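So you can see what is in the structure, the chains are spelled out below.
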Amino acid sequence: MSVAAHSNGESSIGKQSASLSAQPYELPWVEKYRPQTLDDVVGNEETIERLKVIAKDGNMPHIIISGMPGIGKTTSILCLAHALLGPVYKEGVLELNASDERGIDVVRNRIKTFAQKKVNLPRGRHKIIILDEADSMTAGAQQALRRTMEIYSSTTRFALACNQSNKIIEPIQSRCAILRYSRLAEGQLLRRIKQICESEDVKYSEDGLAALIFSAEGDMRQAVNNLQSTVAGFGFVSADNVFKVCDQPHPIAVQSLLLACHRGQIDPALETLRELWDKGYSAVDIVTTMFRVAKNMDQMAEYEKLEFIKEIGLVHMKILEGVGTLLQLAGLLAKLTKLRLNPALFKD
């Protein structure tokens, strides 16, 4: 009896584990909706067209793609590699990320070994080594990489993605075609976010989408991650929910603070600042949001915006140097308010 019970229990556990393994693995949306071809990549159309020409011709040069995070650098390189190599992609591509150790030993051993490896590729194609976040490589590793690029250029091509191309040594830059990516426009972010919302049946409001775009600052990866986090946390994408997830000061509160300064009313501005400070937002969070809101305020003339941005920028520098106090922000509000007051009031 006990043996039968034991065997039944064992079989039920086996069935349960089999059913669990049969369930589809749910990818994060940023991976689920990652472009698979160059035609799917959003933004930087001129640069993408150059990559399409390379994919068509098949003769890929060494490439450096530089730009801000989350705008499609690595995705573009992966799409190009798929277009060039097709079914032999796995055998013909070596990808090293910033999380991997990429000192001089890796260049001498792993990269050099892959470059020497014989792979059956389509005629006229080359093996591809992708180095993500290449600007974080040590100077010694970059010097070793330069020599490796020189020796094996007949069989292997290198694609480097980085945030700042000036951190790549000159000898490597001179061997590569340098492509620069810019931040994505708001309309480009909005189109892709709406596509994901329709595919995932996400309920949203227009101000919720505007909040996603505001918080992303041209970073597609950030926008998609914030969208999924908001849906997971609240089930509905509204502006309030997005800013709760992103943990950023609400732009409406910051706008009211700046408008109070613009009207010469320091007390309401200081009261709003105190409310934001008491919620736990850091000086950097507040001053960064002030800068982004001030740029887009239609209630001020252009020269007034420039004066506000100048003062905000000066205080931002002080905060980054370590003086991130409430007094520093209060002093900023006083300066912004003084810009709108009659200078005669301050004469001795």
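Computed from a predicted model, the values in this text were never measured in an experiment.

### Considering the environment of G264
Mapped onto the secondary structure, G264 falls in the loop between α13 (251-262) and α14 (266-278). Through-space distance from the C-alpha of G264 to that of L336 is 8.4 Å; in sequence the pair is 72 residues apart. With near-sequence residues (within four places) excluded, G264 lies in contact with T337 and L341.

### Some details on α13
Between its first and last C-alpha, α13 extends 16 Å over twelve residues, near the 16 Å set by a 1.5 Å rise per residue. Within α13, the full set of buried residues consists of P251, V254, L257, L258, L259, A260, C261 and H262. Where α13 is buried, its residues touch α10 (206-216), α12 (239-246), α14, α15 (283-295), α16 (302-320) and α17 (326-340). The first or second residue beyond α13 is G264, which carries a positive phi of 80 degrees.

### Some thoughts on helix α9 (residues 186-200)
Helix length check: α9, at 15 residues, gives a terminal C-alpha distance of 21 Å against a target of 21 Å (1.5 Å per residue), a fit within 8%. Where α9 is buried, its residues touch α2 (29-32), α3 (45-57), β6 (203-204), α10 and α11 (220-234). Of the residues flanking the end of α9, it is D201, one or two places downstream, whose phi is positive at about 55 degrees.

### Re the confidence of the model for the protein chain
When pLDDT is averaged along the protein chain, the result is 84, and 90% of the positions lie at 70 or above. Between residues 1-24, whose pLDDT stays under 50, and residues either more than four places distant or in other chains, the model counts zero contacts.

### Comments concerning the packing of α9 against α11
Following both chains from N to C, one finds α9 and α11 inclined at 35 degrees, their axes separated by 11 Å at the closest point. Where α9 crosses over α11, the handedness of that crossing is right-handed. Together, Q188, L189, R192, I193, I196 and C197 of α9 and M220, A223, V224 and L227 of α11 make up the contact between the two elements. For the contact of α9 with α11, a count of residues per class yields eight nonpolar, one polar and one charged.

The rules behind each value
Residues numbered from 1 in each chain as written. Predicted model: local features only at pLDDT ≥ 70, side-chain atom pairs only at ≥ 80, totals over all residues. Heavy atoms only, no water. Helix = DSSP H or I, 4+ residues; strand = E, 2+ residues; numbered from the N terminus. Contact = heavy atoms within 4.5 Å. Expected span 1.5 Å × (residues − 1). Buried < 20%, exposed > 50% of the residue type's maximum accessible area, 1.4 Å probe, protein only. pLDDT = per-residue confidence, 0-100. Axes fitted to C-alpha atoms, helices over the stretch in contact; angles between N-to-C directions. Left-handed = near helix turned anticlockwise from the far one by under 90°. Nonpolar A, V, L, I, M, F, W, Y, C, P; charged D, E, K, R; others polar.

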